[in-house]
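Given next are the chains, with one letter for each unit.
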Amino acid sequence: MVDKVIATEATIQLIEVLKHKYGPNLIFHQSGGCCDNSAANCYIEGEVMIGAADVKLGEIGGLPFYIGAQQYEYWKHTQLIIDVVEGGHGGTFSLEGPEGKAFLTRSRLFTDNETMALSLAGRL
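Under an unreviewed UniProt entry, the name given to the chain is DUF779 domain-containing protein, and the source organism is Aquariibacter lacus.

Turning next to helix H1 (residues 9-22). Each turn of an α-helix holds 3.6 residues, which means side chains three or four residues apart point in the same direction. For H1, with 14 residues, the first-to-last C-alpha span of 20 Å sits near the 20 Å given by 1.5 Å per residue. Among the residues of H1, Thr11, Leu14, Ile15 and Leu18 are the ones counted as buried. End-on view of H1: buried residues confined to an arc of 110°, all on one side of the axis. Opposite its buried face, H1 presents the exposed residues Glu9 and His20, each directed more than 90 degrees away. Glycine 23 occupies a position one or two residues after H1 and carries a positive phi of about 100°.

It is worth spelling out the environment of leucine 80 at this point. You can see leucine 80 is positioned in strand S6 (residues 78-86). The exposure class assigned to leucine 80 is buried, which follows from its relative accessible area of 1%. Between the C-alpha atoms of leucine 80 and leucine 104, which are 24 residues apart in sequence, the distance is 9.9 Å. Other than its neighbours up to four places away in sequence, leucine 80 contacts Lys4, Val5, Ile6, Gln30, Leu57, Phe65, Ile67, Trp75, Thr105, Arg106 and Ser107.

Looking now at the side chain of glutamine 30. You can see glutamine 30 is positioned in strand S2 (residues 26-30). According to the relative accessible area criterion, glutamine 30 is buried, its value standing at 0%. Here alanine 40 takes part through its backbone nitrogen, which lies 3.5 Å from a polar atom of the side chain of glutamine 30. There is a polar contact of 2.8 Å between the side chain of glutamine 30 and the side chain of threonine 105.

Attention now moves to the nonpolar core. Membership of the largest hydrophobic core comes to 20 residues, with the highest contact counts inside it found for Phe28, Phe65, Leu80, Ile82 and Phe103. Those elements giving two or more residues to this core turn out to be H1, S2, strand S4 (54-60), strand S5 (63-68), helix H2 (69-75) and S6. Look past the residues within four positions of phenylalanine 103 in its chain and what remains in contact with it is Thr11, Leu14, Leu18, Phe28, Ala39, Ala40, Cys42, Ile82, Asp83, Val84, Ser94 and Glu96.

A separate point is the pattern of salt bridges. If the charged atoms of two oppositely charged side chains come close together, the side chains can form a pair. Scanning the model with the defined rule gives seven salt bridges in all. Two residues, glutamate 16 and lysine 19, come together in a salt bridge whose shortest N-O distance is 3.4 Å. Of this pair, glutamate 16 and lysine 19 both sit in helix H1, three residues apart, roughly one helical turn. Given a relative accessible area of 42%, glutamate 16 falls into the partly exposed group.

Judged by pairing direction, the sheet is mixed, and its four strands sit side by side in the order S3-S2-S5-S4 without closing on themselves. The sheet is open, and its two edges are formed by strand S3 (41-44) and S4, each paired on a single side. In this sheet, adjacent strand axes meet at a mean angle of 30° when their direction is disregarded. Sheet strands touched by H1: S2, S3, S4 and S5. Its angle to S2, the strand with the most contacts, is close to 130°.

So, about the sheet that holds strand S1 (residues 5-7). Within the open sheet, the three strands sit side by side as S1-S6-S7. Their pairing is mixed. The outermost strands of the open sheet, each flanked by one partner alone, are S1 and strand S7 (101-109). Ignoring which end each strand starts from, the neighbouring axes of this sheet average 30° apart. The pairing of S1 with S6 spans three bridges and is parallel. Looking at the pairing, isoleucine 6 lines up with isoleucine 81 of S6. Where H1 meets the sheet, it contacts S1, S6 and S7, and its direction lies at approximately 65° from that of S6.

How each quantity is defined
- Residues numbered from 1 in each chain as written.
- Predicted model: local features only at pLDDT ≥ 70, side-chain atom pairs only at ≥ 80, totals over all residues.
- Heavy atoms only, no water.
- Helix = DSSP H or I, 4+ residues; strand = E, 2+ residues; numbered from the N terminus.
- Expected span 1.5 Å × (residues − 1).
- Buried < 20%, exposed > 50% of the residue type's maximum accessible area, 1.4 Å probe, protein only.
- Arc of directions from axis to C-beta.
- Contact = heavy atoms within 4.5 Å.
- Polar contact = N/O pair within 3.5 Å; in protein donor to acceptor, adjacent residues only side chain to side chain.
- Core = buried A, V, L, I, M, F, W, Y, C linked by side-chain atoms within 4.5 Å.
- Salt bridge = Lys/Arg side-chain N within 4 Å of Asp/Glu carboxyl O.
- Pairing = 2+ DSSP bridges.
- Axes fitted to C-alpha atoms, helices over the stretch in contact; angles between N-to-C directions.

In structure tokens form, the structure reads like this:
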């Protein structure tokens, strides 16, 4: 099965830090808004509303990962790779900011075979 979202080892490690600090009920959401930018943002569950216009791509580090439907239209042919960079958090409300780190979304296009598999599975 093709994962639509994956995480680097650095991301998994940071997720564990955030779980220890804030508890296990965390979620990721990537929207396209100006205030929370187009990066993957980590929140305590309930701090951001997940609605019918959000698409669940999968899980990273055991946490659900959602993306806004409009953003999904741009990214649906790519695998999102959630990474971590050192430095400021870019003015988001994401939980990793106080750690001096920021989540960064990288991507790669799905191969033709992956696209076909996702399409056949009704996941594209």
